[in-house]
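Observations on the three-dimensional arrangement
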Amino acid sequence: QVQLVESGGGSVRAGESLRLSCAVSGRTSNIITMGWFRQAQGEEREFVAAIKWRSVETYYSDSARGRFTISRDNNKNTVFMQMDSLKPEDTAVYYCGAQVVAHSPFGSWGQGTQVTVSS
């Protein structure tokens, strides 16, 4: 199984930046895609960004595109998400996920890291 641990969350003001990290361990050879998701209080979990483990292909939600950048370092077994120009509506718990079966939902998740953006 793949184990994921998020870090880098915190409390910032609108317009500031944060860089989230996701440490990956376990059966990394099975990973197809790594992604970031978020869940605000009272809302469903939503997709934010994703990157292929063995290519440079990336994907972004409309709200993330242009402000957030997902990247990875396979040698360090780490996935990053640089978040710039943060807004109060970005406040949520951010989760790292791993897709381990082609054309299937993300099947492994971290515990989440809280991001709070104040105006």
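Being a predicted model, the structure only gives us computed values, none of them experimental.

Calculation criteria
Residues numbered from 1 in each chain as written. Predicted model: local features only at pLDDT ≥ 70, side-chain atom pairs only at ≥ 80, totals over all residues. Heavy atoms only, no water. Buried < 20%, exposed > 50% of the residue type's maximum accessible area, 1.4 Å probe, protein only. Helix = DSSP H or I, 4+ residues; strand = E, 2+ residues; numbered from the N terminus. Pairing = 2+ DSSP bridges. Disulfide = S-S within 2.5 Å. Phe/Tyr/Trp six-rings, centres within 6.5 Å; stacked < 30°, edge-to-face > 60°. Polar contact = N/O pair within 3.5 Å; in protein donor to acceptor, adjacent residues only side chain to side chain. Contact = heavy atoms within 4.5 Å. Axes fitted to C-alpha atoms, helices over the stretch in contact; angles between N-to-C directions.

**Things to note about the pairing of strand E9 (residues 92-99)**
Regular strands place side chains that alternate from one sheet face to the opposite one. Of all 8 residues that make up E9, 7 are buried, and the element is covered over most of its length. Here strand E4 (residues 33-39) runs beside E9; their pairing, made up of 7 bridges, is antiparallel. In the strand pairing of E9, tryptophan 36 is matched with cysteine 96. Strand direction decides the pairing type here: E9 and strand E11 (residues 113-118), joined by 3 bridges, are antiparallel.

**Focus: the state of the cysteines**
Counting across every chain of the model gives 1 disulfide. With a sulfur-sulfur separation of 2.1 Å, cysteine 22 is cross-linked through a disulfide to cysteine 96. Between cysteine 22 and cysteine 96 the sulfur-sulfur dihedral comes to about -80°; the bridge is accordingly left-handed. Linking cysteine 22 in strand E3 (residues 18-26) with cysteine 96 in strand E9, this pair joins segments that are 74 residues apart in sequence. Of the residues examined, cysteine 96 reaches a relative accessible area of 0% and is grouped as buried.

**Points about the packing of aromatic side chains**
Scanning all chains against the criterion turns up 4 aromatic pairs. Both rings, one in phenylalanine 37 and one in phenylalanine 47, keep their centres 5.6 Å apart while their planes meet at 75°; by these two values the pair is edge-to-face. Pair noted here: phenylalanine 37 is in strand E4 and phenylalanine 47 is in strand E5 (residues 46-52), with a separation of 10 residues, a long-range link. The exposure class of phenylalanine 37 is buried, given its relative accessible area of 10%. On the accessibility criterion, phenylalanine 47 (29% relative accessible area) is partly exposed. With centroids separated by 6.3 Å and ring planes inclined at 40°, the aromatic side chains of phenylalanine 106 and tryptophan 109 adopt a geometry described as tilted.

**Examining the side chain of serine 61**
On the secondary structure map, serine 61 appears in the loop between strand E6 (58-60) and strand E7 (68-73). Judged by its relative accessible area of 12%, serine 61 is buried. Only 3.2 Å separates the side chain of serine 61 from the side chain of serine 63, close enough to count as a polar contact. Ignoring sequence-local partners within four residues, the contact set of serine 61 consists of Phe47 and Val48.

**Comments concerning the sheet that holds strand E8 (residues 78-83)**
Overall, antiparallel pairing links the 4 strands, which are arranged E1-E3-E8-E7 in an open sheet. Of all strands in the sheet, those with a lone pairing partner are strand E1 (2-7) and E7, marking the two edges. Strand after strand, the sheet turns through a mean of 20° between neighbouring axes, direction not considered. Relative to E8, E3 runs antiparallel, the two sharing 6 bridges.

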